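# Structural features, examined
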Amino acid sequence: GGGCGGSDLPLRFPYGRPEFLGLSQDEVECSADHIARPILILKETRRLPWATGYAEVINAGKSTHNEDQASCEVLTVKKKAGAITSTPNRNSTKRRSSLPNGEGLQLKENAESEGVSCHYWSLFDGHAGSGAAVVASRLLQHHITEQLQDIVEILKNSAVLPPTCLGEEPETTPANSRTLTRAASLRSGVGAPGSPSTPPTRFFTEKKIPHECLVIGALESAFKEMDLQIERERSSYNISGGCTALIVVCLLGKLYVANAGDSRAIIIRNGEIIPMSSEFTPETERQRLQYLAFMQPHLLGNEFTHLEFPRRVQRKELGKKMLYRDFNMTGWAYKTIEDDDLKFPLIYGEGKKARVMATIGVTRGLGDHDLKVHDSNIYIKPFLSSAPEVRVYDLSKYEHGADDVLILATDGLWDVLSNEEVAEAITQFLPNCDPDDPHRYTLAAQDLVMRARGVLKDRGWRISNDRLGSGDDISVYVIPLIHGNKLS
Amino acid sequence: MTYAYLFKYIIIGDTGVGKSCLLLQFTDKRFQPVHDLTIGVEFGARMVNIDGKQIKLQIWDTAGQESFRSITRSYYRGAAGALLVYDITRRETFNHLTSWLEDARQHSSSNMVIMLIGNKSDLESRRDVKREEGEAFAREHGLIFMETSAKTACNVEEAFINTAKEIYRKIQQGLFDVHNEANGIKIGPQQCISTSVGPSASQRSSSEIGSNSGCC
C-alpha cells in the first residue's frame, strides 16, 4: 500500500478521503488510525443526494492508506453544442410535421436546452496503491457524462426507439404506414415477407434497441475510456495500482448498476434481497481467462499452464491420469499428465485466495497497466478487463417505502457478512429510526460497518458469534429508493 | 509543522454535556450554542507547547448517547489521554461517571491520563453538582479535575494542556513506551516537511502554557 512507491512523477490527485466527507488534512490523519479504526460517517452538516447514507473504516494495517474511494454527485447531462442530432433534416419543417409524433417533437424542441439530471454514486476498491482509485473517483463521472451527452436527446424522446443510424430516417417506409408496421412487428412478424401489404424485409431483420441499452452502452464505454485515460496519463503522473469500480446511475427513472470487480450491490425491498451485481474473480471468470490464455499462450510467458487441476501437479505424476478442466468445461475429466502441466496454474487458490498467475484476486477493474507477475516480465493486464456488468432496475415499477434501500459496499463488508445478514441488520435497524431523521441511512451504514469491523479482542477483530471481523477497508452506501419515486 | 510528540485524546461523557463544544473552543476558539448531536466520532487537532516542546494533540470527540456506546468503547484503544466530561447543572451526568470510568479503564491502556471535567461552570445559578463533589470523585479515582466553561472558554485551554503536561511527565518518568503506538503517543517525524499538518493546526503553535487563571 501507500501509493508512493518509487515514482518521481507527481500524483494526478493528492490522496484523501471522499470529497463529500469534507475532511481536513488533520481529520484525514486521524482517520488513518489502524489501531482504533474509527468509523467515518457523513458529517451532520453534510447531505448527499436522496439523503444517501455513507460510512467507512480503514483496514487493520495491511496498507497505510484506506485504499477504498467514493464519490457521489448529481450530474447534468446536456447535449453537446454541435453534436449530431437524432432528428433528421432539422431545417425541413415539412418533413418534421409529417412525422407521426410531431407534437412530441415540439415538446422536445422546447426541452432540448435543458439538461437531464442524473444521480451518480461510485465506489472503488484500490490495490497495490491508492492512485488508480483516487483518479477514478475524480474522473469516471466525467466520462459517463461525456458518453451520455451524445445520446441524451435520443433518451429524452422515449416515444421513439433510438434510430439505428444517426441522420437517417428511422425507417425507409412512408411515414404514414410506420405505426402500422411497428404494430405488426410487435406481433412478431405477422405477414409473410414479400406479400403486397408488408414493408420490405429489411424492416423485420433490424434489431430494435431499447433506450436503456444505450445507457448500458454508454456506461461500458465510459469504463473503457477511464481505463485508457489512466493508461495514457501514467507516463506523466504517478497513478499507482488498480481498483475495482462499482457505480450506480439513476437516469430517467431507472437505476443502472455497473460493476467491475468484487464489490457488491443489493436492493433490500420489503425485506427481500434483490442482487444487483455479481463479482468478477479468478473463480467466476475462470473460463474467460483460460480461453484467453489458450488463444494467446505467449501471455503466459512460458511460466503458467491455462489448465486447471484440483491441486498442484508433481513431477512424479508424469504419465498418470489426473482430473483437469479446460476453458470449455465446467465439469472435470481425466488427462495424461505431461511436462507442460507441471507449470504453475493460471488460476490457483480457492475462494478469496484465488489468484490469476499468483498475483491478483480480482479480474475486472481499472488501472494495473504496469502490474507484472513477481520477478518476471509477464503482464497481468491482458487478463484484466475494464468492462462492467450493468444491471437495470426500473424504479417506477414499485412503490418504495422508507426502509427500501440499495446497498453498495466493497468486499470488506461482504467478506464477513452474507446478503442475508446485511438484509437482517437493515430490516432491524431502519424501522427503529425516526423516518424523518436525515441521518438514518448514515446511521444504518455505520451500523453495517461496525458489524463487519467488529471490536478488537485479544485475538484480533471479532464480530458476532466470535467470527473474525474484516481487517480490510470497508465502505458502505445505504441509498433509500423512496427518493427515486419522488422524481417525476 | 514539525512536532516532537503526538498525543491522542478521547473526549467521553453523557450526551449534551458539551464535549463537542469543548473541542470547538479549544481548536477554533469559538462557541456554538446549538450543536448537532454527535452521531459517530469527530476529530480535532491543535499544536501546543509543553516545556519548549511542540506537541500535536489529536482529539477524538465521541457520541455520548447510549445507543452509540459500543462504537465509542472501541475508540479508547490507543488514547494517551481522556477528558471525562459531566455537566455541573445535571446531576445524572455526574452519576454516570462511574460507568464511563469503568468503560475507560477496561478498554484503554493502563497509563491513560484521565482528566475529569465539570463543564458549564458559567451556569452557576443552575449548579446541581458541587465543585467539592467533583474534586472528591477525582481524588478517589486518581483523576485530574477541572471545572470549565466551553461558552466563556474558562479553563478550556488548561484542561487540554494540563492533560498533555501529565502525559509528558509520565513519558519523562518512563511510564509510557513511546514506541508503541497503542499507547496513543507518536514521536514526531524528524525534519518533517510541512505536508502532513493542515494550516488550522500549524497557525496555532500556541505558546500559552496553562496559567492558573482563576476564572471558574
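Residues numbered from 1 in each chain as written. Chains lettered and ligands numbered in written order. Predicted model: local features only at pLDDT ≥ 70, side-chain atom pairs only at ≥ 80, totals over all residues. Heavy atoms only, no water.

## Side note on the overall build of chain B
The helix and strand inventory of chain B stands at seven helices and seven strands. Reading chain B from its N end, one meets helices and strands in the order β-α-β-β-α-β-α-α-β-α-β-α-β-α. Here chain B holds 216 residues, and 55% of them are scored as buried. Within chain B, residue pairs in contact and separated by at least 24 positions form 77% of the contacts whose partners lie at least 6 positions apart. By element, 47% of the accessible surface of chain B is carried by carbon and sulfur atoms, the whole surface being about 9200 Å². (Helix = DSSP H or I, 4+ residues; strand = E, 2+ residues; numbered from the N terminus. Buried < 20%, exposed > 50% of the residue type's maximum accessible area, 1.4 Å probe, protein only. Contact = heavy atoms within 4.5 Å. Areas by Shrake-Rupley, 256 points an atom, 1.4 Å probe, with all protein chains shown as cover.)

## Some remarks on the packing of helix 1 (residues 19–28) of chain B against helix 6 (residues 156–172) of chain B
Residue and element names in this part refer to chain B. At a closest axis distance of 9 Å, the pairing of helix 1 and helix 6 adopts a crossing angle of 85 degrees. Between helix 1 and helix 6, the crossing angle belongs to the class labelled roughly perpendicular. Here L22, L23, Q25 and F26 of helix 1 come into contact with helix 6, specifically with V156, E157 and F160. The residue makeup of the contact of helix 1 with helix 6, split by class, is five nonpolar, one polar and one charged. (Axes fitted to C-alpha atoms, helices over the stretch in contact; angles between N-to-C directions. Parallel < 35°, antiparallel > 145°, perpendicular 65-115°, else oblique. Nonpolar A, V, L, I, M, F, W, Y, C, P; charged D, E, K, R; others polar.)

## Digging into the sheet that holds strand 1 (residues 40–41) of chain A
Residues and elements named next belong to chain A. Reading across from one edge, 1-2-20-17-7-8 is the order of the six strands in this open sheet, with antiparallel pairing throughout. Of all strands in the sheet, those bounded by a partner on one side alone are strand 1 and strand 8 (272–275). Here strand 1 runs beside strand 2 (residues 53–57); their pairing, made up of two bridges, is antiparallel. Considered in strand 2, the bridge of L40 is made with E56. Running at roughly 45 degrees to strand 7 (residues 264–269), helix 11 (residues 419–429) makes contact with strand 7, strand 8, strand 17 (405–409) and strand 20 (474–480) of the sheet. (Pairing = 2+ DSSP bridges.)

## Some words on the domain arrangement of chain A
Partitioning chain A into domains gives domain 1 (19–78 + 117–159 + 210–278 + 386–486) and domain 2 (285–361). Between domain 1 of chain A and domain 2 of chain A, the C-alpha centre-to-centre distance is 34 Å. (Domains from an automatic or database assignment.)

## Details of the pairing of strand 5 (residues 113–119) of chain B
All names here are of chain B. Burial within strand 5 is extensive, with seven of its seven residues counted as buried. Burial along strand 5 is two-sided: V113, M115, I117 and N119 and I114, L116 and G118, pointing in opposite directions, are all buried. By the bridge criterion, seven bridges tie strand 4 (residues 81–87) to strand 5 in an arrangement that is parallel. When the sheet's bridge partners are listed, G81 is paired in strand 5 with V113. The pairing of strand 5 with strand 6 (residues 144–147) spans four bridges and is parallel. Counted as the bridge partner of M115 is I144 from strand 6. With respect to chirality, the unit in which strand 5 leads through helix 5 (residues 131–141) into the neighbouring parallel strand 6 is right-handed. (Right-handed = clockwise from strand over helix to strand, strands pointing away.)

## A closer look at the confidence of the model for chain B
Residues and elements named next belong to chain B. Put simply, chain B has an average pLDDT of 89, and 88% of its residues get 70 or more. Ignoring residues within four places in sequence, the model shows residues 191–212, a span with pLDDT below 50, making 43 contacts including any to other chains. Predicted complex metrics record ipTM = 0.87 and pTM = 0.87. (pLDDT = per-residue confidence, 0-100.)

## A closer look at the nonpolar core
Residues and elements named next belong to chain A. Counting 88 residues, the largest nonpolar core has L406, I407, L408, L413, V476, Y477 and V478 as the members making the most contacts within it. Here this core gets eight residues from one element, more than from any other, and that element is helix 12 (residues 440–453). Residues within four places of V476 in sequence aside, it is in contact with G53, Y54, A55, I407, L408, A409, L413, A445, L448 and V449. Judged by nonpolar contacts, the second largest core, of 40 residues, contains L75, V134, I239 and A258. (Core = buried A, V, L, I, M, F, W, Y, C linked by side-chain atoms within 4.5 Å.)

## Considerations on the interface of chain A and chain B
Chain A puts 23 residues into the contact, and the matching count from chain B is 29 residues. Interface area for chain A against chain B, summed over the two sides, is near 2100 Å², with a carbon-plus-sulfur share of 60%. Summed over the shared surface of chain A and chain B, the number is three salt bridges. For E29 of chain A, the salt bridge identified is with K56 of chain B, shortest N-O distance 3.3 Å. Where chain A packs against chain B, one counts eight residue pairs in polar contact (both at pLDDT 80 or more). Secondary structure elements with two or more residues in the side of chain A that touches chain B: helix 1 (25–31), strand 1, helix 12 and strand 18 (455–457) of chain A. The element best represented in the side of chain A that touches chain B is helix 1 of chain A, accounting for six residues. Residues that form the side of chain A that touches chain B fall into these classes: eleven nonpolar, five polar and seven charged. (Buried area = accessible area lost by both parts, 1.4 Å probe. Salt bridge = Lys/Arg side-chain N within 4 Å of Asp/Glu carboxyl O. Polar contact = N/O pair within 3.5 Å; in protein donor to acceptor, adjacent residues only side chain to side chain.)

## Observations regarding the pattern of salt bridges
All names here are of chain B. The full count for this structure, using the stated rule, is 47 salt bridges over all chains. Note that R90 and E92 form a salt bridge whose closest N and O atoms lie 3.4 Å from each other. In this structure E92 comes out as partly exposed when scored by relative accessible area, which is 38%. A network of salt bridges, in which partner residues are shared, links E124, R127, R131, E135 and E147.

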